[in-house]
Amino acid sequence: MTTAGDATPSEPTAPAEGAGAPDYEEMTRDIADVPAVEVITTVAVHLLSAAAVNLGLDKPDSEHKDLDEARKLITALAGLVTASATEISSFHAAPLRDGLKSLQLAFREASLVPDEPGQGPGEKFTGPVFG
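About the criteria used
Residues numbered from 1 in each chain as written. Predicted model: local features only at pLDDT ≥ 70, side-chain atom pairs only at ≥ 80, totals over all residues. Heavy atoms only, no water. Core = buried A, V, L, I, M, F, W, Y, C linked by side-chain atoms within 4.5 Å. Buried < 20%, exposed > 50% of the residue type's maximum accessible area, 1.4 Å probe, protein only. Helix = DSSP H or I, 4+ residues; strand = E, 2+ residues; numbered from the N terminus. Axes fitted to C-alpha atoms, helices over the stretch in contact; angles between N-to-C directions. Parallel < 35°, antiparallel > 145°, perpendicular 65-115°, else oblique. Left-handed = near helix turned anticlockwise from the far one by under 90°. Nonpolar A, V, L, I, M, F, W, Y, C, P; charged D, E, K, R; others polar. Salt bridge = Lys/Arg side-chain N within 4 Å of Asp/Glu carboxyl O.

> Looking at this structure, I do not really get the nonpolar core. What am I missing?
One recurring pattern in soluble globular proteins is that nonpolar side chains are buried together. Core analysis: the largest hydrophobic core is formed by 20 residues, its most contacted members being Leu55, Ile74, Leu77 and Leu103. Listing elements by their share of this core, those giving two or more residues are helix H2 (36-54) and helix H3 (67-110).

> For this particular structure, what's the right way to read the packing of H2 against H3?
Packed helices, taken two at a time, are described by the angle between their axes plus the distance between the axes. Running from N to C, H2 and H3 point in directions that differ by 150°, and their axes come no closer than 8 Å. As the angle between them shows, H2 and H3 are arranged roughly antiparallel. The two elements H2 and H3 cross, and the hand of that crossing is left-handed. Grouping the constituent residues of the contact of H2 with H3 by class yields 20 nonpolar, five polar and one charged.

> Is there a simple way to think about the pattern of salt bridges in this case?
Side chains carrying opposite charge are able to pair once their charged atoms draw close together. The final tally for this structure, using the stated rule, is four salt bridges. A salt bridge links Glu69 to Lys72; the shortest N-O distance between them is 3.5 Å. With Glu69 and Lys72 both in helix H3 and three residues apart, the pair spans about one turn of that helix. When its relative accessible area of 34% is taken as the criterion, Glu69 is described as partly exposed. On the basis of relative accessible area, Lys72 is assigned to the partly exposed category, the value being 48%. Between Arg71 and Asp115 there is a salt bridge, with the nearest N and O atoms lying 2.8 Å from each other. Taken as a pair, Arg71 in helix H3 and Asp115 in the loop between H3 and helix H4 (123-126) lie far apart in primary sequence, 44 residues in all. Note on Arg71: relative accessible area 27%, which makes it partly exposed. Three or more residues joined by partner-sharing salt bridges are found here, namely Asp68, Glu69 and Lys72.

Structure follows, in structure tokens:
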């Protein structure tokens, strides 16, 4: 007779079929089934979020502030939003444009030496951004 203290660790076993095991095939969505607008907006939101973190907007005194990285991300976001705006409709493009403009203005505010209007991140795609 063994007690709980005497038991030796055993290999983990996979759950038996039908015993509540997740059906990964059912959970996985084929990329071909994902509408283009969903892919574009998802990528845009990731770029927007990453740029915000690199601008230090995630929290006060953020340790992640990196304006060079933020510039690259904002420029990529501006290119994506500008190029895809006619394809994804105003309904989807308008909030992305608003977020982009907010990032561009936050970048200007965070810069020690602000870029000239029209020279900031992404402004070659969007035109000059003013507050």
